[in-house]
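# Structural characterization, general
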Protein chains: 2
Amino acid sequence: MANSKLYKGSLNTIILKLLEEQGKMYGYEITQKVKDLTKGELNITEGALYPALHKLEAEGLLDVEVAKVDNRLRKYYKLTEAGEKETVNRLAELEEFIRSMQQLVNPNWSIK
Amino acid sequence: MANSKLYKGSLNTIILKLLEEQGKMYGYEITQKVKDLTKGELNITEGALYPALHKLEAEGLLDVEVAKVDNRLRKYYKLTEAGEKETVNRLAELEEFIRSMQQLVNPNWSIK
DNA sequence: AATATATGCATAAAATTCTTATGCATAAGA
DNA sequence: TCTTATGCATAAGAATTTTATGCATATATT
């Protein structure tokens, strides 16, 4: 995740959440989606993304489906059932993290 | 940071912000303060905290002052001028991170 | 009196996650 | 033709954290 004020550990949650929303996505598509949604603020590097996808797959949270489009390879990932459950947990953790950080660094903020 | 849904990179920001608020604190005090503020959600481990304090000091962001209380050692840390400026930057980065994450994982949230 | 818990700092090994730097390949645009 | 975009992949190194220790004093418990 380059030039981007990111915190380690959040990449997996981003991947899971996007897949939950989009159904299925391939790696390159994820990098572009994140760039779009954050107006360039977050740039996921391939060196971080692909190993992360492989690991989530190895953990049984993602399934892969290979496709060939315009003579180029795409690996579509989607959540398994276990992945769907884990996504709920990760999002809850992220929200809890954000709330905790707000308690620490800025009690004036609140999520509504 | 044990058993705690934390994201790597946030510890420094937590330290800086607490020192900004409290003026000066010693290591053990920081661990307890974080535990209190987050109702036990976040537990800073000593193995993470002390090296982080030493590094922030080496970077010129913190000053140390040793004290002896009840025959026990305490090392009080406080922000240097450079530390105060950096704290502003780190907090801005954290806020930006939170906003970006919200764009990604939950557009329904908003900071107010 | 003995033992456990709390207070207080510290470091080292290992794990995790990320950046940076590559490599390969096809398609489209300048 | 050369650059940019698309698409996946891995390896070396950096950064940050967890886990496991070590040492020492004070207080609470049995």
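The model shown is predicted, which means the values in this text are computed figures rather than measured ones.

Residue and element names in this part refer to chain B. Where helix α2 (residues 27–37) is concerned, the buried positions are G27, I30, T31 and V34. Angular distribution of buried residues about the axis of α2 spans 100°; they occupy a single face of the element. Following α2 by one or two positions, K39 adopts a phi angle in the positive range, close to 50°.

All names here are of chain A. The topology assignment puts T80 in the loop between β3 (72–79) and α4 (81–105). Within polar-contact distance, the side chain of T80 engages the backbone oxygen of G60 at 2.6 Å. Setting aside residues up to four positions removed in sequence, T80 forms contacts with G60, L61, L62 and D63.

For the rest of this paragraph, the subject is the sheet that holds β3(A). Residue and element names in this part refer to chain A. With respect to topology, three strands assemble into an open sheet ordered β1-β3-β2, the strand pairing being antiparallel. Of all the strands in the sheet, just β1 (24–26) and β2 (62–69) have a single pairing partner and so form its edges. The mean angle between the axes of side-by-side strands here comes to 30°, regardless of whether they run parallel or antiparallel. Where β1 lies against β3, three bridges are found, and the strand directions are antiparallel. Within β3, the residue paired with Y26 across the bridge is Y76. Across the sheet, helix α2 (residues 27–37) is in contact with β1 and β3; its angle to β1 comes to roughly 95°. Set on the sheet, helix α3 (residues 46–58) makes contact with β2 and β3; between it and β2 the angle comes to about 130°.

Mapped onto the elements of the fold, B:N43 is located in the loop between α2 and α3 (46–58). A distance of 3.4 Å separates a polar atom in the side chain of B:N43 from the backbone oxygen of B:G40.

Rules of the game
Residues numbered from 1 in each chain as written. Chains lettered and ligands numbered in written order. Predicted model: local features only at pLDDT ≥ 70, side-chain atom pairs only at ≥ 80, totals over all residues. Heavy atoms only, no water. Buried < 20%, exposed > 50% of the residue type's maximum accessible area, 1.4 Å probe, protein only. Helix = DSSP H or I, 4+ residues; strand = E, 2+ residues; numbered from the N terminus. Arc of directions from axis to C-beta. Polar contact = N/O pair within 3.5 Å; in protein donor to acceptor, adjacent residues only side chain to side chain. Contact = heavy atoms within 4.5 Å. Pairing = 2+ DSSP bridges. Axes fitted to C-alpha atoms, helices over the stretch in contact; angles between N-to-C directions.

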